[in-house]
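Read off the chains here:
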Number of protein chains: 2
Amino acid sequence: MLQGGLIHPSSPGCYCYLPPAVRAMEKLIKVMDEEMQAVGGQKLNLPSLCSAELWRASGRWDQMGPELFRLVDRHNHGYCLGPTHEEVVTALVASQSGLSYRQLPLLLYQVTRKFRDEPKPRFGLLRSREFYMKDMYSFDASEEAARRTYERVCDAYCSLFTRLGLPFLKVQAATGSIGGTTSHEFQLPADIGEDRLVLCPQGHFAANVETLNGEQISCPTCGEKLTETKGIEVGHTFYLGTKYSSVANAAFSSANNKPQLAEMGCYGLGVSRILAASIEVLSTEDSIRWPSLIAPYQLCFIPPKRGSKEEEEEGAVLLERVYDDLAEAVPHLAGDSVLDDRTQLTIGKRLKDAKKLGYPYVVVAGKRVCEDPPVFEVWNQNAGEVLFLTKEGVLELLSKVQVP
Amino acid sequence: MLQGGLIHPSSPGCYCYLPPAVRAMEKLIKVMDEEMQAVGGQKLNLPSLCSAELWRASGRWDQMGPELFRLVDRHNHGYCLGPTHEEVVTALVASQSGLSYRQLPLLLYQVTRKFRDEPKPRFGLLRSREFYMKDMYSFDASEEAARRTYERVCDAYCSLFTRLGLPFLKVQAATGSIGGTTSHEFQLPADIGEDRLVLCPQGHFAANVETLNGEQISCPTCGEKLTETKGIEVGHTFYLGTKYSSVANAAFSSANNKPQLAEMGCYGLGVSRILAASIEVLSTEDSIRWPSLIAPYQLCFIPPKRGSKEEEEEGAVLLERVYDDLAEAVPHLAGDSVLDDRTQLTIGKRLKDAKKLGYPYVVVAGKRVCEDPPVFEVWNQNAGEVLFLTKEGVLELLSKVQVP
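Predicted, not measured: the structure shown is a model, and the values here were computed from it.

Right, let's get into the packing of aromatic side chains. One pass over the structure, following the stated rule, counts 14 aromatic pairs over all chains. Geometrically, the ring pair formed by Tyr17(B) and Tyr132(B) is edge-to-face, given 6.0 Å between the ring centres and 70° between the ring planes. Here the residue Tyr17(B) occupies a position in strand β2 (residues 14–17), and Tyr132(B) occupies one in strand β8 (residues 130–140), the gap between them amounting to 115 residues. Taken together, the aromatic side chains of Tyr157(A), Phe161(A), Phe168(A) and Phe186(A) make up a single cluster linked through ring pairs. It is Arg23(A) that lies over the ring of Tyr297(A); its NZ or CZ is 4.0 Å from the centre.

See the structure below:
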């Protein structure tokens, strides 16, 4: 096995994702797929190499400045490494001849590597130069329909963060280099966060301070004093109107059979950033905590120390039976379990390591495994509690664990 | 829905993968994950931006010439877009302090986008500039162990192509810019193939002609006349020895507690290329055929034409019942099914479209749906045959369909 750890720096802001991080990321992507497909999203995959020509047409080639990684190919044609894909996806939709209003809305999304030449990459995956993002683009027949789609995608984002058990805020946001007229950020409140947010304690108003004209200290609706917090941006949605569709001529034929520009929205979720931010937000000083749904492994089994009384009393065999019965009753957990067979180490030492790796559940064959019937220690790490359960109790508890 | 098609060109050799292609690719990756993990592979994820420094140290920065996409960041540091990752993964392993021979072999793999500035991108995904590859790197304690690992990974590749139902050849190959001393290619025989292969009809010998010294016309083992065929390269394996580990000092402590360089191998499978090549190899003039296991969708249901006798006799409802019962009996097929409800079109027209999309099975509510009990037409596209079956017969047939 490769040694512990989640990521390893390769060059500034570029990371190797180690096996547990890949597992967590793949689970997170599965949950995102479910949420995006539930609102009608179709998954595609757009190239990283984006032609300079397309980006010049939208004006972003110059506007993005040094954040854009740029290169030329052997024929001296210019490209950027896509940080987002408004231009490319709009050109794709524009190429669909005979697109009818009946086929709309189109919701196209991908989960791919993105690139941004950050001036100061930092905090690991929170601000890296190469990262994974889920980006969706919507194409609607009217502004009204597009605003409905916008709301539905925002609701899907809320559903995602709720399923992950992450406390989040949806705040008004600036449109920046993406453009458009309406924008929201999804933020995880955290001291380490780089964004300053203001909130109405009654829930009427929430905004990134960037959007405010000067100092706003009271809620525009109820007048109550706004509170301030810091946040980590994990999602960003934009209502774009025809900003990109007018450049690429992404049109459809309307009910009157007239060509009409599609009304667009775009929606990003930081995949690698959600991984890093959720650990940041949920963990305690001595234990890493993942959102249970996307923990790299759900379970760790710790058999007795070599030569201990518990080992003599067949503790390891009893623990193995728990695993076997679990694999039969809850097969999807079998591949999500790890056996820490470093039996030269004490249970305490291995339990400490397990906390560092963030298994939601740790099942230990401790002292009480010698009782009749045998009793196992089950650490519910995210709740910070330990339960003493017979095999049947362990199985009942674990049968409720969800895996995407 | 987005219109039909699998890919759409974005710029020369760079493609948008449309939803059916993404589905097929994700299935293929799942099968690869199974095979790689069965031989002990651990999945990680290495950055696309690879520092020029690392590539200069291995000598490949100069050696690769114009095939390498190169760029500089805002601090004028040089990078290439990784076409493979020997340098990066070896540096990662070298960074693991205290690596012991007991932890070996390490088999590390990823499935990521790769980049190569092809002089003449062509044949769609067969020779593109941005593509998906599964690349694995092995680290062993001795040459003997490394050669065993090499064989095991080659066997996993054979197993993969066998599961996909693709006729393949394993041939001796040149080591090219990757280096090392032993190399094999996995080739799909095809007229469109760009590689020339020679084979002993008895199976003693198979090689890419690139590896031969001059004209070799008879088998070195049995003397029989070699036959020639063309092939599409879909996999390539290399025994590397210490070529990269000696540069990065990727060492482990041996049984005698002495530092020793890891013996390496590397193993590539073209993910996007296998998709394109398998369609190329399996399809007929009027129907696209996928390896069944990775077809974007397994099933298409075609209800009767609007206003037809079969529609009046509830053909659509009867077909729906087949779907409902199938979803209950074989739940993993439910999400792999498409209903072609363009009932303004004839069954014949929709069946023709279904052949173009390559569903392994098409279930039609045709004329005989009016019989008692109703009989459905089931087209087994890959076998090129049609069966007439009752609902129970359809369910029995489809219950054998595998999805990864």
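This brings us to the UniProt feature "domain: Aminoacyl-transfer RNA synthetases class-II family profile" (unreviewed entry) in chain A. UniProt annotation of "domain: Aminoacyl-transfer RNA synthetases class-II family profile" (unreviewed entry) refers to residues 26–291 of chain A when read in the numbering used here. With 26% helix and 31% strand, residues 26–291 of chain A has its two end C-alpha atoms placed 14 Å apart.

On to the pairing of strand β16 (residues 263–270) of chain A, then. Residues and elements named next belong to chain A. The element β16 is extensively covered by neighbouring structure, given that 8 of its 8 residues are classed as buried. Bridge count for strand β8 (residues 130–140) against β16 is 8 bridges, and the pairing is antiparallel. If you follow aspartate 140 over to β16, its bridge partner there is glutamate 263. Pairing analysis gives 6 bridges linking strand β13 (residues 227–241) to β16, with the strands arranged antiparallel. If you follow phenylalanine 238 over to β16, its bridge partner there is cysteine 266.

Residues and elements named next belong to chain B. Of note, aspartate 324 is situated in helix α9 (residues 315–329). Under the relative-accessibility criterion, aspartate 324 is labelled partly exposed at 42%. Considering only alpha carbons, one finds aspartate 324 and leucine 240, 84 residues apart in sequence, at a separation of 53 Å.

Attention now goes to the sheet that holds strand β5 (residues 70–72) of chain A. Sheet strands associate in pairs through backbone hydrogen bonding, adopting either a parallel or an antiparallel arrangement. Residue and element names in this part refer to chain A. Spatially, the 3 strands line up as an open sheet ordered β4-β6-β5, and their pairing is antiparallel. The open sheet has two edge strands, β4 (49–51) and β5, and neither has a second partner. Each neighbouring strand pair of the sheet contributes to a mean axis angle of 40°, computed without reference to strand direction. As defined by bridge partners, β4 adjoins strand β6 (residues 78–81) across 3 bridges and the pair is classed as antiparallel. Looking at β6, one finds that cysteine 50 is bridged to cysteine 80.

On to the relation of the copies chain A and chain B. Once chain A has been moved 0.0 Å along the axis and rotated by 180°, it coincides with chain B to within an RMSD of 0.1 Å. Accordingly, the operation relating the two chain copies is best matched by a two-fold axis. Minimal C-alpha separation from the rotation axis in chain A is found for Leu71(A), amounting to 2.7 Å.

Turning our eyes to something else, we now look at the packing of α9(B) against helix α12 (residues 391–398) of chain B. Residue and element names in this part refer to chain B. Remark: α9 packs on α12, axes separated minimally by 10 Å, with the N-to-C direction vectors making an angle of 40°. Our classification of the angle between α9 and α12 gives oblique. As for the relative orientation of α9 and α12, their crossing is right-handed in sense. Touching Arg321, Val322, Asp325 and Leu326 of α9 are Lys391, Val394, Leu395 and Leu398, all from α12. When grouped by side-chain class, the residues that make up the contact of α9 with α12 number 5 nonpolar, no polar and 3 charged.

The next thing to look at is the side chain of His236(A). Residue and element names in this part refer to chain A. Assignment of secondary structure puts histidine 236 in strand β13. Within the structure, the side chain of histidine 236 is placed 3.4 Å from the backbone oxygen of alanine 174, a separation counted as a polar contact. Within the structure, histidine 236 has its side chain in polar contact with the side chain of glutamate 233 (distance 3.1 Å). Residues contacting histidine 236, with those up to four places away along its chain left out, are Ala173, Ala174, Ser183, His184, Glu185, Cys266, Tyr267 and Gly268.

What follows covers the domain arrangement of chain A. Examined at the domain level, chain A breaks down into domain 1 (7–282) and domain 2 (297–398). Inter-centroid distance (C-alpha atoms) of domain 1 of chain A to domain 2 of chain A is 41 Å.

Moving on, we come to the interface of chain A and chain B. Taken together, the contacts link 55 residues of chain A with 55 residues of chain B. Taking both partners together, chain A and chain B bury about 4900 Å²; carbon and sulfur atoms supply 53% of that area. For the pair chain A and chain B, the interface holds 4 salt bridges. Two residues, Glu26(B) and Lys43(A), come together in a salt bridge whose shortest N-O distance is 2.6 Å. The interface formed by chain A and chain B contains 24 residue pairs in polar contact (both at pLDDT 80 or more). Counting residues per element, the side of chain A that touches chain B draws most heavily on strand β7 (residues 106–115) of chain A, at 6 residues.

Our next topic: the environment of Gly241(B). All names here are of chain B. In this structure, glycine 241 sits in strand β13 (residues 227–241). Through-space distance from the C-alpha of glycine 241 to that of aspartate 140 is 9.4 Å; in sequence the pair is 101 residues apart. Each residue touching glycine 241, except ones within four places of it in the same chain, is listed here: Ala262, Glu263 and Met264.

Residue and element names in this part refer to chain B. Remark: helix α1 (residues 19–38) packs on helix α7 (residues 271–282), axes separated minimally by 10 Å, with the N-to-C direction vectors making an angle of 115°. Comparing the axis directions of α1 and α7 gives the class roughly perpendicular. Between α1 and α7 lies a crossing of right-handed hand. Residues Ala21, Ala24, Met25, Leu28, Ile29 and Met32 of α1 touch α7, and the partners they reach there are Val271, Ile274 and Leu275. Here the residues of the contact of α1 with α7 are counted per class, giving 9 nonpolar, no polar and no charged.

Once that is clear, we can look at the pattern of salt bridges. As enumerated under the stated definition, the model contains 52 salt bridges over all chains in all. Residue Asp353(A) is joined to Lys356(A) by a salt bridge in which the shortest nitrogen-to-oxygen separation is 3.9 Å. Taken as a pair, Asp353(A) and Lys356(A) lie in helix α11 (residues 347–357) at a separation of 3 residues, close to a single helical turn. For Asp353(A), a relative accessible area of 15% puts it in the buried group. Arg148(B) serves as the salt-bridge partner of Glu144(B), at 3.3 Å between the closest nitrogen and oxygen. Note that Glu144(B) and Arg148(B) are positioned in helix α5 (residues 143–163) at a spacing of 4 residues, about one turn of the helix.

Cut-offs applied
Every chain is numbered independently, its residues counted from 1 as its sequence is written. Labels follow written order: the first chain is A, the first ligand is 1, and so on. Per-residue local features are limited, in this predicted model, to residues with pLDDT of at least 70; the limit for side-chain atom pairs, both in listing and counting, is 80 or more; totals at the level of whole chains, interfaces and linings are taken over all residues. The basis for the side-chain values is all heavy atoms of the structure; hydrogens and waters are excluded. What counts as a ring pair is set by centres within 6.5 Å for rings of Phe, Tyr and Trp (its six-membered ring), and what kind of pair is set by the plane angle: stacked under 30 degrees, edge-to-face over 60, tilted for all other angles. Helix numbers and strand numbers start at the N terminus; a helix is a DSSP run of H or I with at least 4 residues, a strand a run of E with at least 2. Two limits define a charge over a ring: the Lys NZ or Arg CZ must be within 6 Å of the ring centre, and within 35 degrees of the ring normal. UniProt positions are given in the numbering used here, feature names are shortened, and annotations may be inferred rather than shown by experiment. Relative accessibility under 20% of the residue-type maximum defines a buried residue, over 50% an exposed one, and the middle range a partly exposed one, all with a 1.4 Å probe and only protein chains included. DSSP calls a pair of strands paired once it identifies at least 2 bridges connecting them. All axes are obtained by fitting lines to C-alpha atoms, using only the stretch in contact for helices, and the reported angles, taken between N-to-C directions, cover 0 to 180 degrees. Residues below a pLDDT of 70 in either copy are left out; the C-alpha atoms of the rest, at least 70 in both, set the least-squares superposition of the copies. To sort the angles, those under 35 degrees are grouped as roughly parallel, those over 145 as roughly antiparallel, those from 65 to 115 as roughly perpendicular, and the leftovers as oblique. Handedness of a crossing is defined here by the sense of rotation of the near helix relative to the far one, left-handed for an anticlockwise turn of less than a right angle and right-handed for a clockwise turn. Here, residues are in contact when the closest pair of their heavy atoms is within 4.5 Å. Asp, Glu, Lys and Arg are counted as charged, while Ala, Val, Leu, Ile, Met, Phe, Trp, Tyr, Cys and Pro are counted as nonpolar; the rest, among them Gly, fall into the polar class. Each polar contact in these results corresponds to two N or O atoms within 3.5 Å; when the atoms are within protein, one needs to be able to donate a hydrogen and the other to accept it, and residues that are neighboring in sequence are counted only if both atoms are side-chain atoms. Boundaries between domains were set according to an automatic or database domain assignment. In this description, buried area is defined as the sum, over both parts, of the accessible area (probe of 1.4 Å) that is lost when the two are combined. The salt bridge definition used is simple: a Lys or Arg side-chain nitrogen within 4 Å of an Asp or Glu carboxyl oxygen.

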